[in-house]
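Understanding the architecture of this molecule
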Amino acid sequence: MGRRNMVGVWSRSIIALAIVVATTAPNAVAQDANPADGEGLVVDYPVFNPVQPPSGYVAALDQGTRRADGRPGADYWQQWVDYDIDVKIEPESALVTASETITIRNDTPHERPVIVLHLYQNVFAEGSPRGRSTTITGGMTLGRVAVGGVDLEELPPRRFFGQQQRGPQEPGFRVNGTLAVISLPEPLAPGGLVELDVDWSFVVAGSGGFRMGHLNNEIFQLAQWYPQVAVFDDVFGQDQSPYLGSGEFYTDYGDFTVNVTVPEGWLVVGTGMLTNPGDVLHPEAVQTLASAPALDTVVKVVSVEDREAGNATLPSADGWHTWTLEAEMVRDFAFAAGGTYVWHVTGAETGHEQGRVLIQNVFDPRMDHWAPATEYAKHAIEFFSDLILPYPYPQATAAMGPPEVSGMEYPMITFITHQAADRGLNGVVTHELSHFWMPMIVGTKEMAYPWMDEGLTTYNTSLAMADYYETPVTRPGDDRGYQMVVQMEMQEPIMGHADYAEHMFGQNVSAYSKPGMMLHTLRHMVGQEKFDAFYKDYAATWAFKHPMPWDFFAMMSETAGADLDWFWQPWFFGTATLDQAVDQVVPGSGSAEVTVSNLSSGVMPVEMTLEYADGSSETVVWPPSVWAGTRTKTATVPTSGDLTKITIDADGNYPDLDRTNNEWEAVEG
Ligand SMILES: [Zn+2]
C-alpha cells in the first residue's frame, strides 16, 4: 500500500562519491587501539543483546528447511494452491456473485486435518473485528462449501482459539470474522491433493471501504474478493491471522484461471493475461494488444473515440462478456473492470528470458491527468528489473480507481486513486509497481513484518524516483514523518506488527520510511556494490518463497562480513535514535585528539570528514564498538595537514537527528 505523505528522494551521486566504510579489516581491539583505521562494522566484543529468532525459526534451521546463512534449506517446502474462479459483477447493485474450485497440493511433510480460508470481505461485515473504521456491506455470503465434491455443514461458531486446531472434530466449517476453518472429512496427507468448491456473493464497498471498491458504479476494483487458502509454512505452521484492516496479506503461490463476466462495453484487466481477447475485443484491438510488448511508444487498445462510438468491445447477444484471465505462479489475484475505461499499452525491456513485457494503463479519459501512468509504469518495471530482478511476469498494469484504494498492490496489477496526479501519480505508480517484487515475488508475511515489503519498497521507490527526475534522494534522518514520531515519542519498532501497534502513525513510519532509510544507511556502510549484489541475491534466493526477517538479517550479515546484531537490535527491534556530537578537538602535530559523544540511545559507526587548510580532506571511521561501555570517546586521529574542520556524517548517510552539533571548526589565528 502507499503511504499518504510523499516519499523522499535520495541522490545516487552522493552515495557514489561517499567514502565507504571498510569491512574487510581484521578484528581489532577497538577500546584502546586507535579506532581511526576503519574496522568498519566489525565489533570485537560479544554482542550481549543478540537477535534471538522465535522457536519456530530455530526449529526450521534444525530441520533443514532454512539455513543459518539466511537461505532456504535443502528441505525447504511450501504449500501450492491453484484457483479456478467464475465471477460476475452487476454494476448497478455492485453485487458480485462467484464460485471457485481450489486445488490444494500439500507439498508439506505434515498431515493436514484442517484448512483455513481467508474471507477478507467479512472485514466489511457488521460485528467483525477491525482495526479501522469502514462502511458496512454485510460481508461475504457463503453458499456451497464442498470438499472433494461432498458438501460440508456450517458448524456452530466457536471463539477463535488454538483449541480448534487440536484433536479430531467433525467435518464441516466454522466462520469467525474474516476466517473460516474447514475440518476435512479425512486429513490431507503429505503429497496429497484436495479440491474445495465454494460459492459466494457480496456487495462491493463503495465510499468508506479500503484497498478495493468502486467509483460511481462505473469502475470496479476487486481484491480480497475470493475465499483464499491461508498459508501453512515451515516456521509458524498454520497461519490464521485475521484480516483486521491495517495489516496486509500472506499467501502461497499457485496458478489462477478467472472468468470475469461484466456488461458489454466494459473492459477487464487483472493479474495474469487475457486468454480470449478475440471473444471480447475488436480485431484491431486484439492486434494492438499483441504488438504492444515490442513497442516503446504508447498505443491505445481502446481509445476515447472507441469509447464514444460505443465500440470499446465487440457487441454481445445477451449484453454480457466473459473475460478469461490466466496467471501462473502468483500469490493473489485482483482485477479491475470499468465501463468508462480507456486502455493504453506499451512495452518494457526487463532482461528476463521471457522477453519484453506488456505495460497496461486503464483510466477514465475524463481524468486524463492519468495518461502518463503508462510511461511511469514502464520506467518502474525497467528500473526495478535492473535494481532487483528481471520482471518475471508477462504484464504489468496500473489501473485507475476510487479514492478508497489509495494505492494498492496485487500481482501484475495495482489499483491507484484517480486523485493522484503528476509527480504524485508517478510516486504512487512507482511505489505500487515496486511491490510486484516485494511482496508479490518475494512472498513475505506482510501483516507481521510490514517493513519487508513497505520498507524495501520505500527504498526502491526513492532510487527509482531519483533516477526518473535526476534529483537527489532525501538523506536518512531527513524524513519528516520519522522526525515527527520521534518528537512525539510515538516510535514503534520496525519489527512491529501492522495490526497491533500502540501508535498507528509510528507504525506507519516504522513500516515505510524508517526501514527505507535504514537500508540506505546499510548500503552506505557495507558499500553500494556489495549491497546491490546482496539485494539481487536476496530477491532471487527468495523469489516465490517465504523469507522471514531472520533470513534477511543473516544474508545481510553474511554480505557485510560481520555480525550485525549491534545494528538490528537498536534499529529494527528497538526504537533507538541517533545523535552524535563532536565535543572537542585538540589539534597536534600529525594528529588530533578528538572527543565525540553519543547523546542518544542508538549505536552507529562515527564517520568524520577531516578538512585541511590546503583544501584537501579525508574521511575517518570509528567502528560501532567504540561505544562499548561509554557514551563519550576520545581518541587520537592521525592528520595529514593543517586541520580546519571536522564534520560527523557530512554526507548524511546516518539518521542523525541533530546535526547542529556535528561540526568542529578551527578558530582563526
Ligand atoms: Zn506500499
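Residues numbered from 1 in each chain as written. Predicted model: local features only at pLDDT ≥ 70, side-chain atom pairs only at ≥ 80, totals over all residues.

A word on the overall build of the chain. Helices and strands together make up the secondary structure of the chain, namely 14 helices and 31 strands. In terms of C-alpha radius of gyration, the chain reaches 27 Å, essentially the compact-globule figure of 26 Å for 669 residues. Oriented by its inertia axes, the alpha-carbon framework of the chain measures out at about 95 × 65 × 45 Å. Relative to its 669 residues, the chain shows a buried fraction of 52%. Partitioning the contacts of the chain with sequence separation of at least 6, the portion at a separation of at least 24 is 71%. (Helix = DSSP H or I, 4+ residues; strand = E, 2+ residues; numbered from the N terminus. Rg over C-alpha atoms; globule rule 2.2 N^0.38 Å. Buried ≥ 20, exposed ≤ 12 C-beta atoms within 10 Å, placed from the backbone. Contact = placed C-beta atoms within 7 Å.)

Here we take up the confidence of the model for the chain. Across the chain, the average pLDDT comes to 91, with 91% of residues at or above 70. This stretch, residues 4-39, has a pLDDT under 50; its non-local contacts, to residues over four places away or in other chains, come to 89 contacts. (pLDDT = per-residue confidence, 0-100.)

Reading across the sheet, the four strands line up as β28-β27-β30-β31 and stay open at both edges, with antiparallel pairing between neighbours. Either end of the sheet is taken by a strand with one partner, and the two such strands are β28 (617-622) and β31 (663-665). In this sheet, adjacent strand axes meet at a mean angle of 15° when their direction is disregarded. Judged from the five bridges that link them, strand β27 (residues 606-612) and strand β30 (residues 643-648) form a sheet pairing that is antiparallel. If you follow M608 over to β30, its bridge partner there is I648. (Pairing = 2+ DSSP bridges. Axes fitted to C-alpha atoms, helices over the stretch in contact; angles between N-to-C directions.)

A separate point is the pairing of strand β1 (residues 80-90). Walk down a regular strand and you will see the side chains alternate between the two sheet faces. Only one face of β1 is covered, namely the one carrying V81, Y83, I85, V87 and I89; the face carrying W80, D82, D84, D86, K88 and E90 has none of its residues buried. As judged from the 11 bridges shared by β1 and strand β2 (residues 95-105), these two strands associate in the antiparallel manner. Of the residues in β2, the one forming a bridge with D86 is S99. Hairpin geometry of β1 and β2 is characterised by an intervening segment of four residues between the two adjacent antiparallel strands and by a positive phi of about 60° at A94. As defined by bridge partners, β1 adjoins strand β14 (residues 254-263) across six bridges and the pair is classed as parallel. Residue K88 lies in a different strand from β14, and its bridge partner there is T261.

Strand order in the open sheet formed by eight strands is β5-β4-β8-β2-β1-β14-β18-β16, with mixed pairing between adjacent strands. Each end of this open sheet is capped by a strand with a single partner; those strands are β5 (150-151) and β16 (273-274). Pairing of β14 with strand β18 (residues 320-330) involves nine bridges; the strand directions are antiparallel. The residue bridging V262 from the neighbouring strand is H321, located in β18.

The subject of this paragraph is unusual backbone geometry. Of note, the amide linkage connecting M438 to P439 takes the cis form, showing an omega dihedral of 20°. Note that P439 resides in the loop between α7 (422-434) and α8 (451-469). The backbone of M412 shows a phi angle near 65°, a positive value even though the residue is not glycine. With respect to the helices, strands and loops of the structure, M412 is situated in the loop between β23 (407-410) and β24 (413-417).

With that settled, consider the environment of D579. Relative to the assigned elements, D579 resides in the loop between α14 (565-573) and β25 (580-587). Taking the C-alpha atoms as reference points, D579 and T660, 81 residues apart in sequence, are found 9.9 Å from one another. Sequence-distant contacts of D579, that is, excluding residues within four places in its chain, are made with L599, S600, D656, L657 and D658.

Here helix α12 (residues 528-542) contains 15 residues, and its C-alpha end-to-end distance of 21 Å stays within 8% of the 21 Å for a straight helix at 1.5 Å per residue. Listing the buried residues of α12 in full gives F531, F534, Y535, Y538 and W542. End-on view of α12: buried residues confined to an arc of 100°, all on one side of the axis. Tucked inside the fold, the buried residues of α12 contact α11 (513-526) and α13 (549-560). Just downstream of α12, F544 is the residue with a positive phi angle, here 65°. (Expected span 1.5 Å × (residues − 1). Arc of directions from axis to C-beta.)

The next thing to look at is the packing of α11 against α12. Helix packing geometry: the angle between the two helix axes and the distance between the axes. The N-to-C vectors of α11 and α12 enclose an angle of 125°; their axes lie 6 Å apart at closest approach. What the angle tells us is that α11 and α12 run oblique. Contact residues: α11 offers L522, R523 and V526, while α12 offers Q528, K530 and F531. When the residues that make up the contact of α11 with α12 are grouped by side-chain class, the tally is three nonpolar, one polar and two charged. (Parallel < 35°, antiparallel > 145°, perpendicular 65-115°, else oblique. Nonpolar A, V, L, I, M, F, W, Y, C, P; charged D, E, K, R; others polar.)

Moving on, we come to the pairing of β18. Direction of pairing for β16 relative to β18: antiparallel, over a ladder of two bridges. Residue L274 lies in a different strand from β18, and its bridge partner there is L325.

Here we take up α11. For α11, built from 14 residues, the straight-helix expectation of 20 Å at 1.5 Å per residue is met to within 8% by its first-to-last C-alpha distance of 20 Å. Burial runs high along α11: 14 of the 14 residues are buried.

Turning our attention to the environment of P394. Structurally, the position occupied by P394 is in the loop between α6 (373-387) and β22 (395-401). Taking the C-alpha atoms as reference points, P394 and D255, separated by 139 residues in sequence, lie 14 Å from one another. Discounting residues that sit within four places of it in the chain, P394 has contacts with M273, Q354, V357 and L358.

This next bit is on the environment of P587. Considering the arrangement of structural elements, one finds P587 in strand β25. With 79 residues separating them along the chain, P587 and A666 place their C-alpha atoms 8.8 Å apart. With sequence-adjacent residues up to four places away left out, P587 is seen in contact with A592, L643 and A666.

With that settled, consider the packing of α6 against α8. The geometry of α6 relative to α8 is characterised by a closest axis approach of 10 Å and an angle of 120° between their N-to-C directions. In terms of their interaxial angle, α6 and α8 are classed as oblique. Where α6 crosses over α8, the handedness of that crossing is right-handed. Between α6 and α8, the contacting residues are H379, A380, F383, F384 and L387 on the first element and N460, L463, A464, D467 and Y468 on the second. The residue inventory of the contact of α6 with α8, partitioned by class, reads seven nonpolar, two polar and one charged. (Left-handed = near helix turned anticlockwise from the far one by under 90°.)

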